[in-house]
Amino acid sequence: MGIRERIRRLPIIHQLRQSVGLQRGMLITGLVITGFFVLLAIFGPLFAPYSYNQLRLDGQLFGAQDPPSAEHLLGTTVGGYDVLSRVIWGTRTALLAIVVSVVLSIVIGVLLGLVSGYFGGWLDRILVVVADAVYAFPSLLLAIVAAIVISGGQSSFWGGITAAAISITVVFVPQYFRVIRAEVVRVKSEAFVESARVIGASTARVMFRHVLRNSTRTLPLIFTLNASEAILTLAALGFLGFGIEPTAAAEWGYDLNRAKSDVTSGIWWTAVPPGLAIVLIVLGITLIGESLNDLADPRLRTRRRAEGATAEGATAVGATAVRATPVGATPADQVAATEPTAREELGETL
């Protein structure tokens, strides 16, 4: 398999090539918005006019609630911080919250789902009951409790990230667990898994080499859907006063909390930028997740392909294929004749 073919099989590239019409527009829009915030988190602090906790320049204090100007393009907060700088630095905080929390959820949930689905028995029953019980915990309440336990409610940078990550991990692990377990139960009965056992492959090799590799196709979809929840949870912690201290890191939820009284006074520049940043990054991730969800649904995928083929004038080709179908063929036979299912959608991942 060449490099070009490997690139085409990458999760996002593969879905982008499959999408058409409005679906492709949603996916591209989500990728552009999310990519912008990722680049901003990585390189933004290099171009931020000030540090997230800087209050003075050349020995002179910044003014509080100053309107946008040449020195402060988005004005200053009630505490005297530069709004634009805190929005840019807050992007890095949000990105770290997504990475830490969702990666922890994936690692723990996938391992538990693999073990539970492969071995079954009493261990499987216990894990399923525990996973169902965890759903009873509200994520925000759990995040508040975790923040208080870890750092007394006022967190340092890594303390706040850890509090949000633990709460999100506990809530999202059952989702990954149930999805992976269901896939493992299905895949372990396939012929290629039985063949691996017959030739003497070890249990670990069968689990990780054959079963796990063919049970993780929906992880990119779940990742995108849960990433937006991680952002909202971190922002909610900061807004309620259980997040990261302003001197430890920039956090959008805390800035929104401090700007509550400013809105009633007509001071919009302290609340709109961080609020808009939250809305845009959640929107971008959600658009990616919804597009991947459509592409993962065979019914929606077939419908989108049919719409794209009609738009490109493929009706004549379809009519030719239908005429070539034997008399008495069902609609399913006609679809199979015009849209053969890709091998990787039915069998083992190579």
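In case you missed it, the structure is sitting above this.
The present account deals with the structure reproduced in this document.

Calculation notes
Residues numbered from 1 in each chain as written. Predicted model: local features only at pLDDT ≥ 70, side-chain atom pairs only at ≥ 80, totals over all residues. Heavy atoms only, no water. Helix = DSSP H or I, 4+ residues; strand = E, 2+ residues; numbered from the N terminus. Buried < 20%, exposed > 50% of the residue type's maximum accessible area, 1.4 Å probe, protein only. Contact = heavy atoms within 4.5 Å. Areas by Shrake-Rupley, 256 points an atom, 1.4 Å probe, with all protein chains shown as cover. Arc of directions from axis to C-beta. Patch = residues over 30% accessible without salt bridge, like charges linked within 9 Å, V, L, I, M, F, W, Y side chains within 5 Å. Salt bridge = Lys/Arg side-chain N within 4 Å of Asp/Glu carboxyl O.

1. A word on the overall build of the protein
Phase 1: Scanning the protein from terminus to terminus reveals 16 helices and 2 strands.
Phase 2: Split into buried and exposed, the 350 residues of the protein put 39% on the buried side.
Phase 3: A fraction of 74% describes how many contacts in the protein between residues 6 or more apart in sequence connect residues 24 or more apart.
Phase 4: Accessible surface for the protein amounts to roughly 18,400 Å². Of this, 66% is attributable to carbon and sulfur atoms.

2. Topic: helix α8 (residues 191-198)
Phase 1: Within α8 the residues assigned to the buried category are Phe192, Val193 and Ala196. Across the axial projection of α8, the buried residues extend over an arc of 105 degrees, all falling on one side. For α8, exposure combined with an orientation more than 90 degrees from the buried face picks out Ala191 and Val198.
Phase 2: Against α7 (157-187) and α9 (203-211) lie the buried residues of α8.
Phase 3: Where α8 ends, the next residue or the one after it, glycine 200, has phi of about 95 degrees, a positive value.

3. Focus on a nonpolar patch on the surface
Phase 1: Together, Val99, Val103, Leu104, Val107, Ile108, Leu111, Leu112 and Phe208 line one region of the surface with nonpolar side chains, adding up to about 620 Å² of accessible area.
Phase 2: Residue placement: phenylalanine 208 occurs in helix α9.

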